[in-house]
Amino acid sequence: MADETPDAFTNVSRKPGLQIWTINNMTMVPVPAQSFGNFFEGDCYMVLYISQNKSSGQSGDIHYWIGNSSSLDEQGAAAIFVTQLDEYLGGSPIQHREVQENESPRFRSYFKNGLIYKKGGVASGFHHVETNVYNILRLLHVKGRKHITATEVEVSWNSFNNGDIFLLDMGKAIVQWNGPQSNRREKLKAVLLAQDIRDRERGGRAQIGVVEGGDEEDSPELMKIMRAVLGQRTGQLKDAIPDDKPDMAQSSTVRLYHVSDSSGKLVVQEVATQPLTQDLLHSSDCYIVDQGGSTVLVWKGKQASKQERSSALSRAVGFIKAKSYPASTNVQVMSEGGESAMFKHLFKSWQEKGQTQGLGTAYTVGRIAKVDQVKFDVMELHARPELAAEQRMVDDASGDVQVWRIEDLELAEVNPKTYGQFYGGDCYLVLYTYKRSNQQQYILYMWQGRHTTQDEITACAYQAVNVYNKFNGAPVQVRVVMGKEPRHFLAIFKGKLIIFEGGTGRPGVVNPDGGDRLFQVRGTHESNTKATEVAARASSLNTNDVFLLKTDHVCYLWYGKGCSGDERLMGREVSDTLSKQDKMVVMEGQEPAEFWVALGGKAPYASDKRLQREEPLHSPRLFECSSQTGRFRITEVEDCTQTDLDEDDVMLLDTWEEIFLWIGNSANQCETKEACNSALEYLRTHPAGRDPDTPILTVKQGYEPPTFTGWFNAWDPHKWSGGNSYEEMKRKLADTASLSHITVDLNYTDMSKSPVGLAAGGGTYRAPGGPVSSLPAYNLHGGDLSPGPSSPSSPRNQRAQATLSVSLSPSTGRPLSPLAGGAMSPSMGGSMSPSVGVPVSPSTGGSMRILAPELIVNKAPSELPQGVDPMQKEDYLSDADFENLLGTDRSDFQRLPKWRQHDLKKKAGLF
């Protein structure tokens, strides 16, 4: 195959998007776009996804998918092609090994509406799905919660069970049968899959009906169709089959192995266990990172030998066998400089090439991050949520502030004159109010002192819930641990934030005299400055900072050699808040003896001049959280978008410096209550040894701040007002799928005319790659099904093909009237094409006209060509013109709420 490599990759595009090939006779055969998401169990596939990032440019992922029934030869060929394609693309893509039913979240993310596993493969002579071909008969068994899969099963009642969802696909109609024990989210996912099949494989011209398995009598017409195909059901359906649980409990066990063949044979040697550090990786070698057996990651150094690099994938498979891990274990292979977000998150810290070394992570115990001065334009932050997210600022902090302290487990208002002064023996609630788009927005900070009691911490959380409920769930809740204050919290106190190590701010309480006190001041602007009390000894000093030493007689303002003019200015501002005494400025190296006496004598301190600090380059990651099994589980959502935020879920967004918990409106009540504990558990079990005091922000659906929405591309604030719930979608389907518009013609002779899907003898029918079925003929008489002349006497054990002839509108594709034989409504003056059921234009006598945009855009009804429906101008555009004008393809357009469709049409001049 090596000689064929150049030819095999001639059709590989480097443009962003998805490309898929199947392995046919040891060669790569492109899969058409309308078949994406369909995978034959007897085949192996290669999937290439190229993405375009604003910051890093293009990046690629190559997956090879192994069907459960594929041959070893095909698997070997796919692995070789993956390696060659990686080399062809310059070695930068990440390689993934995927096994049927155990695909990685990233792989599944390419197919938002689910994966369809089809019987057969190349050897069985399958035909890929063709748009507008209706001669289909198959039964799909739909499973899964977050990522669904649909597997072709025998077209029989024997395949059904009470807990899952089944799609009976008959070409022109798809009937969705919901098991009585299936939940609302599973039903919604199945509807989306059915719509995807309709739009992608049937050109949008198949009808969808839904049957609730527990209330079949509510859908008598649909049940007649199902019985016509499946026969009369006898006996009880099988019990629900427990879902496989692909979501893994987060494994905190990570081991790093060095891989070498310098001795002539493969040697794998353990190097380290968690938490890992980046300096363990050397460019001249290859390494394997084993994440508790759940995922195996291979890292290829740039200077590793060609042999070591090219054999990385096979070594990972060998490693899995040696460890006796399941054959379905996920594998990632990546090159130095092209590491995945998952890989980087396994390391305590990560620096990209050319990034200057700083002081470490933002939340180092006993230190405060140095943040560069940024001038904020509040309008720019609102207009650019991605900037708000990067800077972690919802606005310029000019909103209203209200502060309470927990006293005797109750809320007590704090004197505004002391706002910004926090004591380590107290807990506080800080409510920040600001406006966005003339709407009131709230952030509720829960500040926990280091020396407060557990009862006070519990009371703080309880009182926060009361305030949260008072504002109808609008406030974003932020848990803040003393010393780990987020940037916006600093900004709202305008450079006058002072944190005392102990004591209390309660009125009438005298704090014990601690003698001389030392405060470390960090910040360059009023939006990022705070003073933190540290131990009053010389070893607490740092050459990069400003310190304030307060004694009974004098207040020293100490300037380290590494601090800037802005830092000195902010140091003086804070000193005026801390002490009304005259300040004595002391330059590092020129300290009077009394200064050292107050600190207990000279001692070594941090004297390395600070280098420019940059934010950690860990990419944000989104997870679905679940604790329903009694054990905290997370499932990663790759390539995440706003649509991945499920209303039934609690989602965790990890931006490394902060943890967001997004609470869906229909989220499980128990999970909602346990959300913060779930985040703490996530931090505790994180393999990189994360700081458990990392700020945690709780966000309710519909009240997302820009610091959250900015991590998502093209956030739509109206997304959840468009009625995309299961009940809404089912109601819409009922409008278009009423069987009073559908004539069921169960005439088997029509099937024999089909150009695809029939076995050679004409007496059997097979769906693409599906099982062969005998097909009796049935006729519909007065709404009752009776055997036709050639049908067997007992329909119970046979399956009939229901060929549904649907009268469709030439503009909308919706049914018009129940005229038999597919005739159009006389009022429309059209007819149905006898071959594929595509509407025929009355003016041309052929298939629907495609018109140039200039003939219909911004044209009044009187100016349109004859026969054009002024309310459906978009239906007369070519697919290319449709996407250019409306910015989306037809199938995605149909899924949008009506108000959004109208808005796009108005902007395009089509309304």
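So, how was this worked out
Residues numbered from 1 in each chain as written. Predicted model: local features only at pLDDT ≥ 70, side-chain atom pairs only at ≥ 80, totals over all residues. Heavy atoms only, no water. Helix = DSSP H or I, 4+ residues; strand = E, 2+ residues; numbered from the N terminus. Buried < 20%, exposed > 50% of the residue type's maximum accessible area, 1.4 Å probe, protein only. Contact = heavy atoms within 4.5 Å. Areas by Shrake-Rupley, 256 points an atom, 1.4 Å probe, with all protein chains shown as cover. Phe/Tyr/Trp six-rings, centres within 6.5 Å; stacked < 30°, edge-to-face > 60°. Lys NZ or Arg CZ within 6 Å of the ring centre and 35° of its normal. Salt bridge = Lys/Arg side-chain N within 4 Å of Asp/Glu carboxyl O. Core = buried A, V, L, I, M, F, W, Y, C linked by side-chain atoms within 4.5 Å. Pairing = 2+ DSSP bridges. Expected span 1.5 Å × (residues − 1). Polar contact = N/O pair within 3.5 Å; in protein donor to acceptor, adjacent residues only side chain to side chain. Axes fitted to C-alpha atoms, helices over the stretch in contact; angles between N-to-C directions. pLDDT = per-residue confidence, 0-100.

Q: Sorry if this is basic, but what is going on with the overall build of the chain here?
A: Looking only at helices and strands, the chain has 22 helices and 40 strands in total. Taken across its 911 residues, the chain has 53% of its residues classed as buried. Nonlocal contacts in the chain, meaning residues at least 24 apart in sequence, comprise 66% of its contacts between residues at least 6 apart. With an accessible surface of roughly 39700 Å², the chain has 49% of that area assigned to carbon and sulfur atoms.

Q: Any chance you could explain the packing of aromatic side chains here in plain terms?
A: Two measures describe an aromatic ring pair: the distance that separates the ring centres and the angle between the ring planes. Summed over the entire model, instances satisfying the criterion amount to 35 aromatic pairs. When the ring of Tyr49 is compared with that of Tyr110, the centres are 4.6 Å apart and the planes differ by 25 degrees; the resulting orientation is stacked. Taken together, the positions of Tyr49 in strand β4 (residues 44-53) and Tyr110 in the loop between α3 (105-109) and β7 (115-118) put the pair 61 residues apart, joining distant regions of the chain. Residue Tyr49 is classed as buried on the basis of its relative accessible area of 18%. Counting every residue linked through ring pairs, the aromatic cluster contains Phe39, Tyr45, Tyr49, Trp65, Phe107, Tyr110, Phe111 and Tyr117. Taking the ring centre of Trp656 as reference, the NZ or CZ of Arg690 above it sits at 3.8 Å.

Q: Looking at this structure, how should I read the pattern of salt bridges?
A: Where charged atoms from two side chains of opposite charge come close, those side chains can pair. For the structure shown, the criterion picks out 28 salt bridges. A salt bridge links Glu456 to Arg506; its shortest N-O distance comes to 2.3 Å. Placement of Glu456 in helix α11 (residues 454-470) and of Arg506 in the loop between β24 (497-500) and β25 (517-522) is noted, with a sequence separation of 50 residues between them. Note on Glu456: relative accessible area 11%, which makes it buried. Lys530 is the salt-bridge partner of Glu485, the closest N and O atoms lying 2.3 Å from each other. With a gap of 45 residues between them, Glu485 in the loop between β23 (476-481) and α12 (487-491) and Lys530 in strand β26 (residues 530-534) connect regions that are remote in the sequence.

Q: Help me understand the nonpolar core, please; the structure alone is not making it clear to me.
A: One broad trend across soluble globular proteins is that nonpolar side chains are buried collectively. Counting residues in each nonpolar core, the largest one holds 50 residues, and the members touching the most others are Phe422, Val430, Tyr445, Trp447, Phe489, Leu645 and Phe708. Dropping the residues within four chain positions of it, Phe489 is found in contact with Phe422, Val430, Tyr445, Trp447 and Leu497. One finds Leu48, Ile66, Leu85 and Val296 within the second-largest nonpolar core, a separate group that totals 33 residues.

Q: Can you help me understand the pairing of β26 in this one?
A: Two faces make up the sheet, and in a regular strand the side chains alternate between them. In terms of burial, β26 is largely enclosed, as five of its five residues are buried. Both faces of β26 are covered, namely the face carrying Lys530, Thr532 and Val534 and the face carrying Ala531 and Glu533. Sheet analysis places β24 next to β26, joined by three bridges and oriented parallel. Note that in β26 the partner of Ile498 across the bridge is Ala531. As paired elements, β25 and β26 share five bridges and run antiparallel to each other. Across the sheet, residue Arg522 finds its bridge partner in β26, namely Lys530.

Q: Would you mind showing me how to read helix α2 (residues 72-88) here?
A: Since one α-helical turn is 3.6 residues long, residues separated by three or four positions face the same way. With 17 residues, α2 extends 24 Å between its outermost C-alpha atoms, agreeing within 8% with the 24 Å of an ideal straight helix rising 1.5 Å per residue. Taken from the residues just after α2, Gly90 is the one with a positive phi, measuring 90 degrees.

Q: Honestly, the environment of Thr149 in this entry has me stumped. Any pointers?
A: Here Thr149 is to be found in strand β9 (residues 149-153). Overall, the relative accessible area of 13% leaves Thr149 in the buried class. Taking the C-alpha atoms as reference points, Thr149 and Arg108, separated by 41 residues in sequence, lie 9.4 Å from one another. Those residues in contact with Thr149 that sit more than four places away from it in its chain are Arg108, Leu115, Tyr117, His141, Val142 and Lys143.

Q: Help me understand the environment of Gln581, please; the structure alone is not making it clear to me.
A: Checked against the element boundaries, Gln581 lands in the loop between α13 (565-578) and β29 (583-587). If we ignore the near neighbours within four places in the chain, the residues touching Gln581 are Lys550, Thr551, Asp552, His553, Val554 and Cys555. Here the side chain of Gln581 touches Asp552 through a polar contact of 3.3 Å, landing on its backbone oxygen.

Q: Would you mind going over unusual backbone geometry with me for this structure?
A: The bulk of non-glycine residues show a negative phi, and the bulk of peptide bonds are trans. The backbone phi angle of Ser324 is positive, close to 60 degrees, even though this residue is not glycine. On the secondary structure map, Ser324 appears in the loop between α7 (312-322) and β17 (330-335).

Q: What is the right way to look at the sheet that holds strand β28 (residues 555-559) in this model?
A: The pairing of strands in a sheet comes from backbone hydrogen bonds and takes either a parallel or an antiparallel form. Spatially, seven strands are ordered β20-β24-β26-β25-β27-β28-β29 in an open sheet, and the strand pairing comes out mixed. Strands at the two margins of the open sheet, each flanked by one partner only, are β20 (421-423) and β29. On average, each strand axis in the sheet is inclined to that of its neighbour by 20 degrees, with strand direction left out of account. Summarising the sheet, β25 and strand β27 (residues 546-550) pair through five bridges and their orientation is antiparallel. Along β27, the bridge assignment pairs Leu518 with Leu549.

Q: Which parts of the structure should I look at to understand the sheet that holds strand β10 (residues 165-169)?
A: Pairing within the open sheet is mixed, and its seven strands lie in the order β3-β7-β9-β8-β10-β11-β12. Whereas interior strands pair on both sides, the edge strands pair on one side only; in this sheet they are β3 (38-40) and β12 (207-212). Strand-to-strand, the axes of this sheet are offset by a mean angle of 25 degrees, without reference to chain direction. Sheet topology places β7 next to β9; three bridges connect them, and they run parallel. Bridge pairing in β9 places Ile116 opposite Ala150. On the sheet, helix α4 (residues 184-201) packs against β3, β7, β8 (138-143), β9, β10, β11 (173-178) and β12 and is oriented at approximately 20 degrees with respect to β10.

Q: Looking at this model, I keep getting lost on the side chain of Thr529. Mind explaining?
A: Looking at the secondary structure, you find Thr529 in the loop between β25 and β26. Given the relative accessible area of 0%, Thr529 is considered buried. Polar contacts involving the side chain of Thr529 include one to the side chain of Asn528, which spans 3.5 Å. In contact with Thr529, not counting residues within four places along its chain, are Leu490, Gly495, Leu497, Val521, Arg522, Gly523, Thr524, Met570 and Val574.

Q: For this particular structure, what's the right way to read the side chain of Lys905?
A: For Lys905, the position within the fold is in helix α22 (residues 898-908). Apart from residues no more than four positions distant in its own chain, Lys905 is found in contact with Met871, Glu874, Leu886, Phe893, Leu910 and Phe911.

Q: I would appreciate a short explanation of the environment of Leu409 in the present structure.
A: Tracing the sequence through the fold places Leu409 in the loop between β18 (400-407) and β19 (410-413). Exposure remark for Leu409: the relative accessible area of 42% places this residue in the partly exposed category. Along the chain, Leu409 and Cys460 lie 51 residues apart, while their C-alpha atoms are 7.6 Å from each other. Ignoring any residue separated from it by four or fewer positions in sequence, one finds Leu409 in contact with Asp455, Glu456, Ala459 and Gln463.

Q: Help me understand the pairing of β9 in this model?
A: Most of β9 is tucked away, with four of its five residues classed as buried. Here five bridges tie β8 to β9, and the two strands are oriented antiparallel to one another. Bridging across to β9, Leu140 finds its partner in Glu152.

Q: I'm lost on the confidence of the model for the chain in this one. Help?
A: Detailed reading of predicted coordinates is not advised where the pLDDT is low. Within the chain, residue pLDDT values average 75, and 74% of them lie at 70 or more. At the level of individual helices and strands, the chain shows its lowest average pLDDT in strand β37 (residues 772-774), which scores 33, and its highest in β18, which scores 94. Across residues 1-5, confidence stays below pLDDT 50; counting only partners more than four residues off in sequence or on other chains, it has nine contacts.

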